[in-house]
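Residues per chain are reported as follows:
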Amino acid sequence: VFCFAVTLVALFDGKTTMWKGVPSWLAMIIFFILMSVVGMLEGMQIAFFAVAKLAPAERGDSKFQKMTCQLLFKGDGKNLPGFMIGRQLMVVSCMFFIARVTSVSIPDGESNIFDVPDSVQEFFNTGLLGALITTIVASITWQLVASAFPLAFLANPITYIFLRICLMFEASGICHGAWV
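Residues numbered from 1 in each chain as written. Predicted model: local features only at pLDDT ≥ 70, side-chain atom pairs only at ≥ 80, totals over all residues. Heavy atoms only, no water.

1. Quick notes on the side chain of Thr-134
For clarity, the threshold we go by: Secondary structure follows DSSP: runs of H or I at least 4 residues long count as helices, runs of E at least 2 residues long count as strands, and numbering of each begins at the N terminus. In this scheme, a residue with accessible area under 20% of its type's maximum is buried, one over 50% is exposed, and one in between is partly exposed, where area comes from a 1.4 Å probe on protein chains only. Polar contacts here mean pairs of N or O atoms no more than 3.5 Å apart (in protein, one a potential hydrogen donor and the other a potential acceptor; neighbouring residues in sequence count only if both atoms are side-chain atoms). A contact between two residues is defined here by any heavy atoms of the two lying within 4.5 Å.
For Thr-134, the location among the structural elements is in helix H6 (residues 128-148). Given a relative accessible area of 12%, Thr-134 falls into the buried group. In this structure the side chain of Thr-134 is engaged in a polar contact, spanning 3.1 Å, whose partner is the backbone oxygen of Ala-131. Once residues within four sequence positions are removed from consideration, Thr-134 is found in contact with Met-35, Met-95, Ile-98 and Ser-139.

Following this line, the structure appears as structure tokens:
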């Protein structure tokens, strides 16, 4: 909670590395959307590896569970590693924006966040608070849920859409070197 408080106060006070033309309210909305995208991608990774161990008959009965598994495990088995490559491209893309929101930068002559001493502000400026936010909220939490409920992740239509997008990124060829 403290990490979010510092980050959001810094964002609305104009003390982050967010681009000048982006309003704070819009940056906050995009920040939470991208954190959710990263979380879904992290959870999908765990859920896909969990269902890979299951027999095809045990991979769910819903429309999206079946569609996701058919796409993920079809053919010569390259879609799961292909997803992993495309997923990494999506996560990195999201992280560029998230880092802009969570990186604290106090302009010269401005007061510190919460009027803390300079030494505490230097700690805020390290980016550790943003790293904690993304690690806990956009990664570990989603992974824990996916490990407990992998079939529920497969039943989500967003999972299927993100799988398609990740495979499209991989098919673009931008990371063909990852197959070496």
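2. Some thoughts on the pattern of salt bridges
The following threshold applies: By definition, a salt bridge exists where a carboxyl oxygen of Asp or Glu is found within 4 Å of a side-chain nitrogen of Lys or Arg.
Inspection of every chain in the model, using the stated rule, returns one salt bridge. Between Arg-87 and Glu-42 there is a salt bridge; the shortest N-O distance is 3.2 Å. A residue pair is termed long-range when its members are at least 10 positions apart, and Arg-87 in helix H4 (residues 79-102) and Glu-42 in helix H2 (residues 24-52) qualify at 45 residues. According to the relative accessible area criterion, Arg-87 is buried, its value standing at 6%.

3. Re the nonpolar core
Rules: Joining through side-chain atoms within 4.5 Å is the link that ties buried Ala, Val, Leu, Ile, Met, Phe, Trp, Tyr and Cys residues into a set, and such a set is a nonpolar core.
Ranked by internal contacts, the top residues of the largest apolar core, which has 44 residues, are Leu-41, Met-44, Phe-48, Phe-83 and Leu-163. Secondary structure elements with two or more residues in this core: helix H1 (2-12), H2, helix H3 (63-73), H4, H6, helix H7 (150-155) and helix H8 (157-171). For this core, the element with the most residues is H2, which contributes 12 residues. Filtering out sequence-adjacent residues up to four positions away, Leu-163 remains in contact with Met-44, Phe-48, Thr-68, Leu-71, Leu-72 and Phe-83.

4. Thoughts on the environment of Ile-30
Relative to the helices and strands, Ile-30 resides in helix H2. Here the alpha-carbon distance between Ile-30 and Tyr-160, two residues 130 residues apart in the chain, equals 22 Å.

5. A look at the confidence of the model for the protein
Just so we agree on the cut-off: The pLDDT score gives, residue by residue, the confidence of the prediction method on a 0 to 100 scale.
In the predicted model, the protein carries a mean pLDDT of 93, and the fraction of residues at 70 or more is 99%. The least confident element of the protein is helix H5 (residues 118-125), whose mean pLDDT is 92; the most confident is H2, at 96.

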